[in-house]
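The residues making up each chain are set out below.
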Amino acid sequence: MGLQELRAGSPLLTGHPLVSHADYIQIVRCFEAIRQKCCRLEQDQRRAREQLACAEAERAVLEVKLKHARNQVEVEMKKRHRAEAELERQERKLQLIFELLLQEPSGSAILSAEQRSILSTLAGRHVRRTLAPGRSRSSAVDESCQSLLSHSDISYDRTDDDVVRK
């Protein structure tokens, strides 16, 4: 916008004795600075809206991933509960087999004293583990590397657990 256009468009500025040519130029420069600032602000606003749209799209994608992950965790927890229930059933079957082998005379005849001792030790450990109070489903797996068949592992002393079981 030139000085002539400014004078023609503004009746207050034309022919006013207190407004000089330099004042007109200063006013035009201020208008131009404000116009440039408005353009920059519009560009900043456009960039901010684009960033917001990208962030919202990314958030939506992450929400979908979170939903899938939660569903997967739920599926895995159901599988784990089923597996733990099956483990408990198998442990009970194993316990019944131990008891049968140790209590039946035909089982005792087949097994040597050492084998019966080992079976009773295994059965005792197994019973204590499955019947332990407060046993939670998410307990850690016992991965000890002790030999179950070693003579040093077998105790011939009567313990409270042995007395309680019989």
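Just so it is clear, the structure is predicted and the values come from calculations on it, not from any experiment. (Residues numbered from 1 in each chain as written. Predicted model: local features only at pLDDT ≥ 70, side-chain atom pairs only at ≥ 80, totals over all residues. Heavy atoms only, no water.)

*Asks:* Go over the overall build of the protein chain with me, naming the residues and quoting the values.
*Replies:* Across its full length, the protein chain carries five helices and zero strands. Each helix and strand of the protein chain, placed in order from N terminus to C terminus, yields the pattern α-α-α-α-α. The buried share of the protein chain, taken over its 166 residues, is 12%. Contacts spanning at least 24 positions in sequence make up 51% of the contacts within the protein chain whose residues lie at least 6 apart. (Helix = DSSP H or I, 4+ residues; strand = E, 2+ residues; numbered from the N terminus. Buried < 20%, exposed > 50% of the residue type's maximum accessible area, 1.4 Å probe, protein only. Contact = heavy atoms within 4.5 Å.)

*Asks:* A description of the confidence of the model for the protein chain should follow, citing residues and the corresponding values.
*Replies:* When pLDDT is averaged across the protein chain, the result is 75; 59% of the residues are at 70 or more. Helix α5 (residues 160-165) is the least confidently modelled element of the protein chain, averaging 51 in pLDDT, while helix α2 (residues 21-103) averages 94, the highest of any element. (pLDDT = per-residue confidence, 0-100.)

*Asks:* Talk me through the pattern of salt bridges; I want residue IDs and the actual numbers.
*Replies:* According to the stated counting rule, one finds seven salt bridges in the structure shown. Put simply, Lys 78 and Glu 74 hold a salt bridge, and the shortest N to O gap is 3.5 Å. Separated by four residues within a single helix, Lys 78 and Glu 74 lie in helix α2, roughly one turn from each other. Judged by its relative accessible area of 46%, Lys 78 falls in the partly exposed class. For Glu 74, a relative accessible area of 44% puts it in the partly exposed group. Linking Arg 89 and Glu 86 is a salt bridge whose minimum nitrogen-to-oxygen distance equals 2.6 Å. With Arg 89 and Glu 86 both in helix α2 and three residues apart, the pair spans about one turn of that helix. (Salt bridge = Lys/Arg side-chain N within 4 Å of Asp/Glu carboxyl O.)

*Asks:* So what about α2? Which residues, and what values?
*Replies:* Between its terminal C-alpha atoms α2 stretches 120 Å, which fits the 123 Å expected from 83 residues at 1.5 Å a residue. Those residues of α2 that fall on the buried side of the exposure criterion are Tyr 24, Glu 84, Glu 91, Gln 95 and Phe 98. (Expected span 1.5 Å × (residues − 1).)

*Asks:* Which residues make up the state of the cysteines, and what values do they have?
*Replies:* Applying the stated criterion across every chain, the model contains zero disulfides. You can see Cys 38 has no disulfide; the closest cysteine sulfur is in Cys 39, sitting 7.1 Å from it. On the accessibility criterion, Cys 38 (39% relative accessible area) is partly exposed. (Disulfide = S-S within 2.5 Å.)

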